[in-house]
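Chain and residue survey
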Amino acid sequence: MSISLSSLILLPIWINMAQIQQGGPDEKEKTTALKDLLSRIDLDELMKKDEPPLDFPDTLEGFEYAFNEKGQLRHIKTGEPFVFNYREDLHRWNQKRYEALGEIITKYVYELLEKDCNLKKISIPVDATESEPKSFIFMSEDALTNPQKLMVLIHGSGVVRAGQWARRLIINEDLDSGTQIPFIKRAVAEGYGVIVLNPNENYIEVEKPKIHVQSSSDSSDEPAEKRERKDKVSKETKKRRDFYEKYRNPQREKEMMQLYIRENGSPEEHAIYVWDHFIAQAAAENVFFVAHSYGGLAFVELMIQREADVKSKVTAVALTDSVHNVWHQEAGKTIREWMRENCCNWVSSSEPLDTSVESMLPDCPRVSAGTDRHELTSWKSFPSIFKFFTEASEAKISSLKPAVTRRSHRIKHEEL
């Protein structure tokens, strides 16, 4: 006779109930608690009881993984790619393991930005006190002083942080497709200054302080008998709650609270803050944006809030599968017209790279990124984006030449 996994998990509780029912009144209360528990608990939560500890390494070496010369994550002993289902039938544990590795990857990419790309880590807010929550961005040495060109990179939403396009690609594919490093290195080689935004770093997490509630009996004028009865009820309630918790969440994780970073509490706020305090102060005559997914929405919001400034400094914007919506974001007609002339959105599509794709919205042109995978659109459109920026620069120069010529003729005529 075969026994299902759920039956094996629930069997100890059923046995426990049978034993309890043979006891006295106190035991009957436990039976009621168990019945209540069984009526509202799900199997996934019961299975947590048998999980291994949620205690993972804090280094790549501890996970026994390393990046090879091709930038691929491989097991240092077997040479195999990362395996998500490290333990069968323990999806939650496998997910927690994956997230722990992801945090290590984030720190690893930060190190590459500083060591391999020679970027500086800049703390924000710029006037932050010692004790308040802080975030940071990355900039090249010449980001604010380069007189010609500045490239600004904005990733999408989720777990990704500065320097990343997609964590999944970094872990399962390679560093080139999953990070912004190829963009940064080519930009520097072509004479751009670089600023890397960090729009998902909106808060820090700290453990929620435990609140000790003073017993009402300490300062109450109630009769002693009434106080004792209240204390007994309180103790029984706590005992029942602990009894539930034993089965509901055997590996109880710490309760955390979020402390938001001033003026950087959302991707949109972050983009505006970095514009006001860095990009707007930059000497570059031509500013270029590369914005992926939600980063495109953050850019459009920046345009809405700083329209005149953006138009005066930004030469071209490359969006990759952007999720912006000019109607929902209430972008005005002048913004939509500017986007049609100065933006291009490389979208996920099975069509060949740069093939025109129809759009339902009256904003920027849409072309194929040469892939139908959302997270790969930035990497696949990489060469086309740099070509787009070069052509935009040349078009701007050629459009200025006649005006310069006319002005110089006028000056000469006035001198005569």
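Residues numbered from 1 in each chain as written. Predicted model: local features only at pLDDT ≥ 70, side-chain atom pairs only at ≥ 80, totals over all residues. Heavy atoms only, no water.

**Topic: the packing of helix H11 (residues 294–305) against helix H13 (residues 333–342)**
The N-to-C vectors of H11 and H13 enclose an angle of 130°; their axes lie 10 Å apart at closest approach. With respect to each other, H11 and H13 are oriented oblique. In the packing of H11 onto H13, the handedness of the crossing is right-handed. Where H11 abuts H13, its residues Phe299, Val300, Met303 and Ile304 lie against Ile335, Trp338 and Met339. When grouped by side-chain class, the residues that make up the contact of H11 with H13 number seven nonpolar, no polar and no charged. (Axes fitted to C-alpha atoms, helices over the stretch in contact; angles between N-to-C directions. Helix = DSSP H or I, 4+ residues; strand = E, 2+ residues; numbered from the N terminus. Parallel < 35°, antiparallel > 145°, perpendicular 65-115°, else oblique. Left-handed = near helix turned anticlockwise from the far one by under 90°. Contact = heavy atoms within 4.5 Å. Nonpolar A, V, L, I, M, F, W, Y, C, P; charged D, E, K, R; others polar.)

**Focus: the environment of Ser123**
Here Ser123 is to be found in strand S3 (residues 120–124). Look at Ser123 and you get partly exposed, because its relative accessible area is 37%. With 11 residues separating them in the primary sequence, Ser123 and Lys134 have C-alpha atoms 6.7 Å apart. In this structure Ser123 touches Lys134, Ser135 and Phe136, once residues within four positions along its chain are discounted. (Buried < 20%, exposed > 50% of the residue type's maximum accessible area, 1.4 Å probe, protein only.)

**Overview of the sheet that holds strand S6 (residues 192–196)**
The nine strands lie next to each other as S3-S4-S6-S5-S9-S10-S11-S13-S12, forming an open sheet whose pairing is mixed. Every interior strand has two partners, whereas the edge strands, S3 and strand S12 (356–357), have only one. Two elements, strand S4 (residues 135–139) and S6, share two bridges in a ladder whose sense is antiparallel. Within S6, the residue paired with Met139 across the bridge is Ile195. Of the strands in this sheet, strand S5 (149–154), S6 and strand S9 (286–292) are in contact with helix H8 (residues 181–189), which crosses S6 at around 155°. (Pairing = 2+ DSSP bridges.)

**Describing unusual backbone geometry**
Cis geometry is adopted by the peptide bond preceding Pro125, which originates at Ile124 and carries an omega value of 0°. Despite not being glycine, Asn118 has its phi angle at roughly 60°, a positive value. Structurally, Asn118 is set in the loop between helix H5 (91–115) and S3. At Ser293, a residue that is not glycine, the phi angle is positive and equals roughly 55°. Of note, Ser293 is situated in the loop between S9 and H11.

**Comments concerning the side chain of Ser368**
Positionally, Ser368 belongs in strand S13 (residues 366–368). A polar atom in the side chain of Ser368 sits 3.4 Å from the backbone oxygen of Pro352. A polar contact is formed between the side chain of Ser368 and the backbone nitrogen of Gly370, at a distance of 2.9 Å. (Polar contact = N/O pair within 3.5 Å; in protein donor to acceptor, adjacent residues only side chain to side chain.)

**A look at the confidence of the model for the protein chain**
Of the residues in the protein chain, 75% reach a pLDDT of 70 or more, and the chain-wide mean stands at 84. When the criterion is pLDDT under 50, residues 1–7 qualifies, and its contacts beyond four places in sequence or with other chains add up to four contacts. In this model, residues 244–248 is a region of pLDDT below 50 whose contacts with residues beyond four sequence positions or in other chains number 16 contacts. (pLDDT = per-residue confidence, 0-100.)

**As for the packing of aromatic side chains**
The final tally for this structure, using the stated rule, is 21 aromatic pairs. Look at Phe183 and Phe382: their rings are 4.8 Å apart centre to centre, the planes differ by 75°, and that puts the pair in the edge-to-face class. With Phe183 in helix H8 and Phe382 in helix H15 (residues 382–415), this residue pair connects regions lying 199 residues apart in the sequence. Taking the relative accessible area as the measure of exposure, Phe183 reaches 0% and is therefore buried. Consider the rings of Trp275 and Phe289, whose centres lie 6.4 Å apart with planes at 25°: the pair is stacked. One end of the pair, Trp275, is in helix H10 (residues 267–277); the other, Phe289, is in strand S9, with 14 residues separating them in the sequence. Phe289 matches Trp275 in its accessibility class, with the two residues each being buried. Aromatic rings pair up to connect Trp165, Phe183, Tyr192, Phe288, Trp346, Trp379, Phe382, Phe386, Phe388 and Phe389 into one cluster. Above the face of the Tyr192 ring, Lys149 is positioned so that its terminal group lies 4.1 Å from the ring centre. Seen from the ring of Phe382, Arg186 lies directly overhead, with NZ or CZ sitting 5.6 Å from the centre. (Phe/Tyr/Trp six-rings, centres within 6.5 Å; stacked < 30°, edge-to-face > 60°. Lys NZ or Arg CZ within 6 Å of the ring centre and 35° of its normal.)

**Regarding the pairing of S4**
With five of five residues buried, S4 is to be regarded as a mostly interior element. Across the two faces of S4 the burial is the same, with Ser135, Ile137 and Met139 and Phe136 and Phe138 all buried. Bridge analysis of S3 against S4 gives five bridges, and the strand direction is antiparallel. What sits directly across from Ile122, in S4, is Ile137.

**What about the pairing of strand S11 (residues 343–347)?**
Of all five residues making up S11, five are buried, and the element is well covered by its neighbours. Taking every second residue as pointing to the same face, both faces of S11 are buried, with Cys343, Asn345 and Val347 on one and Cys344 and Trp346 on the other. Note: strand S10 (residues 314–320) against S11, four bridges, orientation parallel. Pairing of Ala318 across the sheet is with Cys344, part of S11. Across three bridges, S11 lies against S13 in parallel orientation. Bridge assignment links Val347 to a residue of S13, and that residue is Ser368.

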